[in-house]
Each structure stands twice: as C-alpha cells, then as structure tokens.
Amino acid sequence: MLTARTAVLVSGGGTNLQALMDAQADGGLKSGQIALVIADKPGAGAIARAERAHVPCAVIPRREAGFEERVLAALAEHKIDMAVLAGFLGILSGDFIDRFPGPIINIHPALIPSFCGKGFYGLGVHRAALDCGVKVTGATVHYVNAIPDGGRIIAQKAVDVLPGDTPETLQRRVMEQAEWILLPQAAEQVAAGIAEEKEKKL
Ligand code: GAR
C-alpha cells in the first residue's frame, strides 16, 4: 500500500510526535509514514525521541537566516507529501504555505476559535482558559493557512476543566484526553486521502 510521506515539525518535548510514532507502530497511523522530523530548536526533547525511533531528524534553528528555505529544501529532499505541526511554535509565512505543495495540519491545545491565534501557545493557552473561567476546553486539529490557527477544522475534542486546575494540570489532561488521541486520528484521515490519490495515479 502506498503511504503519505509525513514530516513532523516540532519545537518542544515532543509528546505529540511520540503519539504519532506510537500510532504508526500500533497501526493507528497506517496511511502515513513518518519520514522526517524537523526541529526548530536545538536541544528540543523531541529530537531525542526521533533519534530513539530512528527517524531522520533535521535541526533547523528558526532564528537563523533562511529558515523557511531550509525547511522547504528538507521537505523536498525527503519527498514529503504532508506536514504535521506537533507542538511547533513558529508561525509559517503565507509564502511558505503556498510553496509547500501538500497539506499542513496543526494541533492546538484549545477549542478553536477560543484561546488561539498569535501569542497563544503552550502553557499560555491553558493559563488564558483558566483566567477566563471556562469549564470546558480541549484540543483542535486544523489545516494551516496564512492566518494563525485560522485554517479549516479537521477534528476537535472537549476536556473538562476541574476545580483547582493549574495550567500544568490542565495541559496534561488536555494532552492525555485529547491531543495524543486526536492528532494521530486526524493525521491518518489526511494521510489516507493522499495515499488514495497516489494509488489512483499509478
Ligand atoms: C502541545 O500542547 C501542543 O498542542 C502545543 O504545544 C504543546 C507541545 O507539546 N502547541 C501549541 O500551543 C501550538 N499553538 P509536545 O512538544 O509535548 O507535543
């Protein structure tokens, strides 16, 4: 069976990358093959996870000149069909999105359109949700377009906020109950569409 060659872009600890690699190992992600990890932060925990799984990993620091050109070159070199932003904290330009021919999807740790857009990432998202007093939050997987967190929604899952939650406890619950389940499922859905198109072209 043909698969969608998938790149995972990361900035942090890489628990969502791990969920994708675990899903590939247990058959939950079967239409997509994780062929490349790109980390924009040297020392990110995700790099060690990629290395342990023997997945090629390119470290391309976001602050260095030519960052997007170098990422596009790596994606082309590895013949990547789709990109998954899994805790990738940079914002990709419209030019980048136009030039990468495949879909790009992103996981965001809130129910878009709440607590999203420029400046909302990581623990800050959960802090904002707690400050607002919401009783339910969650995670969203969406297509990436030029508007931060503005692309069409693929999947969402709600998670309860509990009394006494801190940003850290809420982040952990959202990861466990939503992100690590939702992202592999959404990646499989998008990859299946690409794999089907590839089969048709044979
Ligand atoms: C995850 O909660 C992810 O949803 C979030 O960063 C965390 C990365 O954790 N992403 C964003 O906030 C993007 N706007 P991980 O490195 O362990 O996957």
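Figured I'd write up the structure that's included with this text. Just so we're clear, the structure is a prediction, and the values are computed from it rather than from any experiment.

Looking now at the overall build of the protein. Counting its regular elements, the protein contains 6 helices and 7 strands. Put simply, the protein runs from its N terminus to its C terminus through helices and strands in the order β-α-β-α-β-α-β-α-β-α-β-β-α. In terms of overall dimensions, the protein is globule-like: its C-alpha atoms have a radius of gyration of 16 Å, near the 17 Å expected for 202 residues. Each of the three principal axes of the protein carries a C-alpha extent, and together these read 55 × 40 × 30 Å. Across the 202 residues in the protein, those meeting the buried criterion constitute 48%. Residue pairs in contact within the protein that sit at least 24 positions apart in sequence constitute 67% of those at least 6 positions apart. Entry remark: accessible area of the protein is about 9700 Å², with carbon and sulfur atoms responsible for 54%. Positive and negative side-chain charges in the protein, numbering 20 and 22 respectively, have mean positions lying 1 Å apart.

Pairing in this open sheet of 7 strands is mixed, and the strands run E3-E2-E1-E4-E5-E6-E7 from one edge to the other. The sheet terminates laterally at strand E3 (57-59) and strand E7 (153-160), the two strands that pair on one side only. Taking the axes of each pair of neighbouring strands and ignoring which way they run, one obtains an average angle of 20° across the sheet. In this structure, strand E2 (residues 32-39) lies alongside E3, joined through 3 bridges in parallel fashion.

Our next topic: the site of the ligand. Of all residues adjacent to the ligand, which total 15 residues, the nearest are Gly14, Thr15, Asn16, Gly122 and Glu179. One nitrogen or oxygen atom from the side chain of Asn16 is found 2.9 Å from an oxygen atom belonging to the ligand. Here an oxygen atom of the ligand sits 2.8 Å away from a polar atom, N or O, in the main chain of Gly122. When the ligand sits alone it has 450 Å² of accessible area, and the protein chains cover 93% of it. Here the ligand occupies the largest pocket.

What counts and how
- Residues numbered from 1 in each chain as written.
- Predicted model: local features only at pLDDT ≥ 70, side-chain atom pairs only at ≥ 80, totals over all residues.
- Heavy atoms only, no water.
- Helix = DSSP H or I, 4+ residues; strand = E, 2+ residues; numbered from the N terminus.
- Rg over C-alpha atoms; globule rule 2.2 N^0.38 Å.
- Buried < 20%, exposed > 50% of the residue type's maximum accessible area, 1.4 Å probe, protein only.
- Contact = heavy atoms within 4.5 Å.
- Areas by Shrake-Rupley, 256 points an atom, 1.4 Å probe, with all protein chains shown as cover.
- Lys, Arg positive; Asp, Glu negative; His and termini not counted.
- Charge placed at Lys NZ, Arg CZ, Asp CG, Glu CD.
- Pairing = 2+ DSSP bridges.
- Axes fitted to C-alpha atoms, helices over the stretch in contact; angles between N-to-C directions.
- Near = heavy atom within 4 Å.
- Polar contact = N/O pair within 3.5 Å; in protein donor to acceptor, adjacent residues only side chain to side chain.
- 1 Å grid on protein atoms, 1.4 Å probe; cavity = no way out; pocket = protein on both sides within 12 Å on 5 of 7 lines; lining within 4 Å.
- Sits in = over half its atoms within 2 Å of the grid points.

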